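Each chain is listed here by its residues.
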Amino acid sequence: MSGLVLPARVRLVEVGPRDGLQNEPGTVPTALKAELIARLVAAGLPAVEVGSFVSPKWIPQMADSADVLAQIDWDQPVDYPVLTPNMKGFENALAAGAREVAVFGAASEGFSQRNINCSIAESLDRFAPVCAAARDRGIKVRGYISCVLGCPYEGDVAPAAVAAVAERLLAMGCYEISLGDTIGTGTPAKAQAMVEAVARVVPRERLAAHFHDTYGQALANLLAVMEKGMAVIDSSVGGLGGCPYANGAAGNVATEDVVYMLDGLGVETGVDLDAVIAAAWFVCDALGRRPASKVALALEGRVRKSA
Ligand code: HMG
Ligand code: MG
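Residues numbered from 1 in each chain as written. Chains lettered and ligands numbered in written order. Predicted model: local features only at pLDDT ≥ 70, side-chain atom pairs only at ≥ 80, totals over all residues. Heavy atoms only, no water.

A. Quick look at the overall build of the protein. Along the backbone of the protein there are 13 helices and nine strands. For 307 residues, the compact-globule estimate of 2.2 N^0.38 gives 19 Å, and the C-alpha radius of gyration of the protein, at 18 Å, lies within 12% of that figure. In terms of principal-axis extent, the alpha carbons of the protein reach across some 55 × 45 × 35 Å. For the protein, the proportion of its 307 residues judged to be buried stands at 55%. Residue pairs in contact within the protein that sit at least 24 positions apart in sequence constitute 75% of those at least 6 positions apart. (Helix = DSSP H or I, 4+ residues; strand = E, 2+ residues; numbered from the N terminus. Rg over C-alpha atoms; globule rule 2.2 N^0.38 Å. Buried < 20%, exposed > 50% of the residue type's maximum accessible area, 1.4 Å probe, protein only. Contact = heavy atoms within 4.5 Å.)

B. Main features of the packing of helix 8 (residues 188-199) against helix 9 (residues 218-226). Contact pair helix 8 / helix 9: the axes reach a minimum separation of 8 Å and the direction vectors enclose 40 degrees. Here helix 8 lies oblique to helix 9, going by the angle between them. Taken as a pair, helix 8 and helix 9 cross one another with a handedness that is right-handed. Facing Pro188, Ala191, Gln192 and Val195 of helix 8, the residues of helix 9 in contact are Ala220, Asn221, Ala224 and Val225. Looking at side-chain class alone, the contact of helix 8 with helix 9 contains six nonpolar, two polar and no charged residues. (Axes fitted to C-alpha atoms, helices over the stretch in contact; angles between N-to-C directions. Parallel < 35°, antiparallel > 145°, perpendicular 65-115°, else oblique. Left-handed = near helix turned anticlockwise from the far one by under 90°. Nonpolar A, V, L, I, M, F, W, Y, C, P; charged D, E, K, R; others polar.)

C. Representation of the site of ligand 1 within the structure. Around ligand 1 lies a shell of 27 residues, among which Gln22, Asn115, Asn117, Ser146 and Thr182 are the nearest. The contact in question runs from an oxygen atom of ligand 1 to an N or O atom on the side chain of Asp19, over 3.0 Å. Within the backbone of Val54, one N or O atom sits 3.3 Å away from a nitrogen atom of ligand 1. Here ligand 1 loses 76% of its free accessible area of 1,100 Å² to cover by the protein chains. (Near = heavy atom within 4 Å. Polar contact = N/O pair within 3.5 Å; in protein donor to acceptor, adjacent residues only side chain to side chain. Areas by Shrake-Rupley, 256 points an atom, 1.4 Å probe, with all protein chains shown as cover.)

Next comes the structure, spelled out in structure tokens:
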């Protein structure tokens, strides 16, 4: 497409089974999670985040993560990361068979305190032994940073604050840093400026965009950061989700909306659009709601007819 300089290929990291479901009010059966994951894998997603080894008191919805890991197909060529905020989470994840973990910090002190009950500096002290233990065992570690474009408690977040945390996570051994617009307030120029600041300390091929769609800006922001060389995108089937410690935050950008846009741009993902839409309807039917994704709504008839 004229005027746009984009990567030829984008890697999609599906976070629906974790980010999408962590805030569900009702119980989501483990078997439903496992079936959703299988459908996402069959749709061609190369990475599916499948759970969280956090305190079940804080996030009851992820309490069955070990059972989820026991039900997934490990023979598939797919990465299945899980969240681990500290050594206890890492040990539990390891015992459950996890082969990839993710630590998750924040660029704002207020969010760090509310989400993981410690300061940014304390969180990095917790992540360092997780990264070291993972390295010893050949386990990959992804690093998340929340609130990269705004914080529900502190408002604006300086790009330099994001870069400082990103640099530390990279130095600890995270293979990729996922930049979270947790509350979806970012806009394209702001997203580009933040990426430029972070790219001074972390190579851009090691950055991922994790944008929530609260203000309907996520696709525009993704296009903007792809123009800055980013080629890894986190998304959630059906646009499911929201963070329990970011009041009012909507789900991640919907996987099917991203695939539709990238298909239209000729950017390869290896993901089958109709299969993702069918997965979105499958999980939303089970949860008793309609997908938040416009593409899933527009193409409902097409996938239901072929089902
Ligand atoms: P804490 O209370 O400070 O931890 O919680 P603690 O070390 O003082 O321990 C207190 C109790 O928790 C103890 O149990 C520990 O054993 C237990 P007790 O003695 O009271 O029975 N505990 C654990 N249990 C299970 N797994 C663990 C674990 N660690 C301690 N790993 C903690 C600290 C981080 C655990 C807590 O704050 C927590 O679980 N927070 C949940 C955070 C979370 O999952 N948030 C949502 C995911 S992040 C997100 O959505 C953002 C992201 O998508 C990016 C974006 O969009 O921005 C990634
Ligand atoms: Mg998130």
